[in-house]
Each structure stands twice: as structure tokens, then as C-alpha cells.
Amino acid sequence: MDMGKQFPSGGLARDVAMDLGTTSVLVAARGRGILLREPSVAAVDRQTGKVLQVGEAAQQMLGRTPGRLVAVRPVREGVLSDFTTAQAMLQAFLKKALGGHLVKPRLLIGVPAGISEVEERALVEAGLQAGARRVYLMEAPLAAALGAGLDTSRPEGRLVVDIGGGVTDAAVITLDGVVVAGCLPVGGDRFDEALIQYVRQTHNLLLGLRTAEQVKHTIGQVGQAQDSPSLAVKGRCLTTGLPREVQLTPADTAEAFAPVAREIVSAVQGVLERTPPELAADVAKNGILLTGGGSLLRGMDRLLAEATGIDASASQEPETCVVLGLEMTLPRLSKRQDGPLHLARRRQVGAE
């Protein structure tokens, strides 16, 4: 699906699902599928604080804005880092996805399992100010499991590892609830930053964020690197200040990504160590489900399988699992509690 693609809107959308990620935002409406997918970026006027562009238009400004404009990401590590900008961005995305309908929708947002009560309240308030009639929250790993086609209502443990742009969520799910979860502020962005640091140290060359992301998608790997062609990348030489080109190999990316990958593996192992024995046995039988854009990184499934001794595999559409799971929940939205969920304080399985 192309970034920024908007789908025809027929009828009034009263229930809307939103996967509000660090790098991208996906919006779906009940019975109508995914309506919008755009980068979670906003272009802001430094002098007035006004949001001028959001999404793909703002993404093109990253690293290219004049002094008066700044392109920012108002969502960091799965939570709001800039409330005012985030509220304006949400409002713009809802309006674009729904075609400017006046009916205020009920909004279901996917959130990290480790979100705090304060962060929950900020997200709910931003959704209300953006034009929602009511705001509901749902754990992203649970939504991802639903979107991947798992039956989460069964009394059987499933381990979902959702690797997003800014957060990795690992959670054991059963009976439509999260039993054990670990939330790590590490995701696709950290892989990009690690590659930039590696190239700086080994080649004395400074890469841009978008170039690093392109390298990650093209030849990026974790664990034991597989043979594949190298990639020519351009950056600024830190010695001369002039543009220069170097060749990067999959082995280079594996070395650069290793510290970040170890953090993700450690987080998953930590969740398994805290999982009740009966559910741990279920997980060993059912395997680990990988979702989120980070699961597309070559070798991630193999690395987790080797570290845990449990089969790991990525879902068929890992980048859309969360929003599809949220959309599947919309028909039952009236049964959920709106407002903050107090996820960090919940103890009972499946408590709402």
C-alpha cells in the first residue's frame, strides 16, 4: 500500500481505529478497512507553532527545512512527546481519512503494553481534542495478534513480539488479555541510528536518516549475515566535508545492528522468564509471532528462535496487523471501557 494513499469513503464512519506509531499512522474504519497510511511527521512553523503539513508532505521536509520550519515526530517510543503537535496531526489525519465528515467518531487507539497512566490520559485527551466523541485504548500486541488471525479468546498462551519504529512490545496473550508484557523503547529507528554510528566510526562518513533506512530495507540483516550484493551509499565525509560514496555489505549491517538486536532478544527472554509454566508450555508449542515493520528485518525470526529455542515467524502482513486487529474490535467497542485503561496497574487477565 502506498504511503499517503486515501481510499474512497462511502457513508459515515462512526467507529475508527488508529495505529499511532512512532514512524507511521494507519487509520481504518469499521467495515471499510484501512483508509489512510502516512508517516507520523508534522511540519511546524518555529515562530507561530502552527502545524503546516502532516504525513508524507511533512516527511519530505525532514532534513531539508529552512530555518523557520521544523519537521518533527510528535510520537516517541509509542507515546506523545509533543501534545499540541500530536493533537493537530491526529485531527488532520482523521479529517483526511474520513473526508471531512461532521459526525464525531468513536476512536480506538493501539498503545504499548507498558504505557503509564499519565501517558494514557494525554493520548485520550489528544484524541478528544482532535474531534473524537469517545476514545478507547487497546494493547498493541493484543491487536496485532487479532490482526494476524490468532484466536485470542482461547485459554491458550500465545507470545506476540511487535517490533515498531520506536517500541518493541512482547506480550503473552490468553483469554483476550495480556498476562505478561515487556515494553522496550527500541525499534526500527534504533537500527537506523546504529547504522549511522557504525558507518561514522568505520568509514568516517556521515549518513542521513533516510539513507540509513534505505540501507536497512535493502540489505539489512541481523545475526549471521547471508551472502548478497553490497550497496553503494553516499554521505558526507567527516574529514573533507565533501560528498563521498562507500560500499556497504550485509555483514556490515549485521555488525551494526547486533547491539540493538541483543536488546530485543533480551526483552523477549525476560517476558518468557516471567510467564507462568502452563502458558510457557503453550508458547513453546505455538511458537513466537512477530509483527510490526521491524519483523521484516532479515534474520530476526532466526535470531529469536536460536536465542529462545522456540520457533519464530513473521505474520503475513506485519505492518498492518495492529490496525487490522483494532478494526476487528470496533464492532465490540461498546463493551469496552473508554478513557485510560491503567494498563501498567492491571493485574487480572483480560481485565478491561
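Residues numbered from 1 in each chain as written. Predicted model: local features only at pLDDT ≥ 70, side-chain atom pairs only at ≥ 80, totals over all residues. Heavy atoms only, no water.

J.: Outline the pattern of salt bridges, supporting the account with residue identities and numerical values.
T.: Summed over all chains, the structure comprises 10 salt bridges. Across the pair D15 and R106 runs a salt bridge whose closest N-O atoms are separated by 2.8 Å. Here D15 is found in strand β1 (residues 15-20), whereas its partner R106 is found in strand β9 (residues 106-111), with 91 residues between them in sequence. Of the two residues, D15 and R106, both sit in the buried class. The partner of R190 in a salt bridge is E263, and the shortest N-O contact between them spans 2.6 Å. Taken together, the positions of R190 in helix α5 (residues 188-203) and E263 in helix α7 (residues 250-273) put the pair 73 residues apart, joining distant regions of the chain. (Salt bridge = Lys/Arg side-chain N within 4 Å of Asp/Glu carboxyl O. Helix = DSSP H or I, 4+ residues; strand = E, 2+ residues; numbered from the N terminus. Buried < 20%, exposed > 50% of the residue type's maximum accessible area, 1.4 Å probe, protein only.)

J.: I'd like to hear about the sheet that holds strand β11 (residues 158-163), residue by residue, with values.
T.: In any sheet, the strands associate via hydrogen bonds between backbone groups, in a parallel or an antiparallel arrangement. Taking strand neighbours across the sheet as the criterion, the 5 strands line up as β13-β12-β11-β17-β18 in an open arrangement whose pairing is mixed. Each end of this open sheet is capped by a strand with a single partner; those strands are β13 (177-184) and β18 (312-314). Each neighbouring strand pair of the sheet contributes to a mean axis angle of 20°, computed without reference to strand direction. Bridge count between strand β17 (residues 288-291) and β18: 3 bridges; the pairing is parallel. Each bridged residue has a counterpart across the sheet, and for L290 the counterpart in β18 is A314. (Pairing = 2+ DSSP bridges. Axes fitted to C-alpha atoms, helices over the stretch in contact; angles between N-to-C directions.)

J.: Break down the packing of helix α4 (residues 140-147) against helix α10 (residues 321-329) for me, citing the residues and quoting the values.
T.: Packing of α4 against α10 brings their axes to within 6 Å, and their N-to-C directions diverge by 85°. Between α4 and α10, the crossing angle belongs to the class labelled roughly perpendicular. Across from A140, A143, A144, L146 and G147 in α4, the residues of α10 making contact are C321, V322, L324, G325, L326, M328 and T329. (Parallel < 35°, antiparallel > 145°, perpendicular 65-115°, else oblique. Contact = heavy atoms within 4.5 Å.)

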